[in-house]
Amino acid sequence: MRYWLMKSEPDEASIDHALAAPDRTLPWTGVRNYQARNFMRDDMRIGDGVLFYHSSCAEPGIAGIAEVASGCYPDPTQFDPASPYHDPKSTREQPRWLLVDVRALQKTRLIPLPELRSHPALAGMQMLRRGNRLSITTVSADEWEFIVGRLAQGA
DNA sequence: GCCAACGTTGGC
DNA sequence: GCCAACGTTGGC
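Given the structure is predicted, the values throughout are model-derived calculations rather than measurements.

## Re the protein's contact with DNA strand C
Around DNA strand C, the neighbouring residues are Lys7, Tyr53, Ser55, Ser56, Pro60, Leu113 and Arg133. One of the backbone nitrogen or oxygen atoms of Ser56 is found 2.9 Å away from a phosphate oxygen of DNA strand C. Between DNA strand C and Arg133, the relevant distance is 2.4 Å, taken from a base oxygen to a side-chain nitrogen or oxygen of the residue.

## What to know about the pattern of salt bridges
Applying the stated criterion across every chain, the model contains 8 salt bridges. Asp43 is the partner of Arg2 in a salt bridge, and the nearest nitrogen-oxygen pair spans 3.4 Å. Highlighted residues: Arg2 in the segment before strand S1 (3–8) and Asp43 in helix H2 (residues 34–43), separated in sequence by 41 residues. For Asp43, a relative accessible area of 22% gives the class partly exposed. A salt bridge links Arg103 to Asp23, with the nearest nitrogen and oxygen atoms 2.9 Å apart. Here Arg103 is found in strand S7 (residues 101–112), whereas its partner Asp23 is found in the loop between helix H1 (15–20) and strand S2 (25–27), with 80 residues between them in sequence.

## Re the protein's contact with DNA strand B
The immediate surroundings of DNA strand B are formed by Tyr34, Lys89, Arg130, Gly131 and Arg133. Backbone atoms, meaning sugar and phosphate, form 74% of the atoms of DNA strand B found within 4 Å of the protein. Contact between DNA strand B and Lys89: a phosphate oxygen at 3.5 Å from a side-chain N or O atom of the residue. Residues belonging to the surface near DNA strand B are distributed by class as follows: 1 nonpolar, 1 polar and 3 charged.

## What to know about the packing of aromatic side chains
Applying the stated rule across the entire model yields 4 aromatic pairs. With a centroid separation of 4.6 Å and 25° between ring planes, the pair formed by Tyr3 and Trp144 is classed as stacked. Here the residue Tyr3 occupies a position in strand S1, and Trp144 occupies one in helix H4 (residues 141–151), the gap between them amounting to 141 residues. A centroid spacing of 4.7 Å and a plane angle of 35° characterise the contact between Tyr34 and Trp97, whose relative ring orientation is tilted. On the criterion of sequence distance, the pair formed by Tyr34 in helix H2 and Trp97 in the loop between strand S5 (73–74) and strand S6 (98–99) is long-range, its members being 63 residues apart.

## Considerations on the pairing of S7
With 3 bridges joining them, S2 and S7 adopt antiparallel strand pairing. Looking at the pairing, Thr25 lines up with Arg103 of S7.

## Concerning the nonpolar core
It is characteristic of soluble globular proteins that their nonpolar side chains tend to be buried jointly. Counting 23 residues, the largest nonpolar core has Trp4, Met6, Met44, Val100 and Ile136 as the members making the most contacts within it. Once residues within four sequence positions are removed from consideration, Ile136 is found in contact with Trp4, Leu5, Met6, Val31, Ala36, Phe39, Met40 and Met44. Formed by 19 residues, the second largest nonpolar core is a distinct cluster that contains Ile65, Val139, Leu151 and Ala152.

Scoring rules and cut-offs
Residues numbered from 1 in each chain as written. Chains lettered and ligands numbered in written order. Predicted model: local features only at pLDDT ≥ 70, side-chain atom pairs only at ≥ 80, totals over all residues. Heavy atoms only, no water. Near = heavy atom within 4 Å. Polar contact = N/O pair within 3.5 Å; in protein donor to acceptor, adjacent residues only side chain to side chain. Salt bridge = Lys/Arg side-chain N within 4 Å of Asp/Glu carboxyl O. Helix = DSSP H or I, 4+ residues; strand = E, 2+ residues; numbered from the N terminus. Buried < 20%, exposed > 50% of the residue type's maximum accessible area, 1.4 Å probe, protein only. Nonpolar A, V, L, I, M, F, W, Y, C, P; charged D, E, K, R; others polar. Phe/Tyr/Trp six-rings, centres within 6.5 Å; stacked < 30°, edge-to-face > 60°. Pairing = 2+ DSSP bridges. Core = buried A, V, L, I, M, F, W, Y, C linked by side-chain atoms within 4.5 Å. Contact = heavy atoms within 4.5 Å.

The quantities given are spatial measurements derived from coordinates; they are silent on function.
Printed below as a string of structure tokens:
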């Protein structure tokens, strides 16, 4: 069992959107970075824990807990010329981009980015590293325990 | 809107 | 393969 942090812009897909979706599950469309794709392809397993992070918004931070709900499969938006995620270099025979389904488990209180940075226990978090832009990053078991078991209380 | 940091592209 | 130019991310 591994743990992940996945960024989403709440205007597009917030924790509330996920909780309101059928089976509380959203296809995680739009990943267009090879390292993030490879995490989904090579390392994610169904049932892995996910910290649902809101980015590019007024208050960025962790907004909920989720889980990986499917194996990876081609992201259909890459084939859609009308989609902002369209990739003309991708074909159905050889798709470049993959996604997994993510099932929301619970909304937490919003745990803001500055609060995450303030905890020495989280100093090594991949997403807190300087200049990090990856939309999917790894979370250690200790970091998961600290965030889910401590910071997320009082939701 | 600014800008630091990083990834990708493409000419050579 | 190098690397400059360009595009994107994302916090502030």
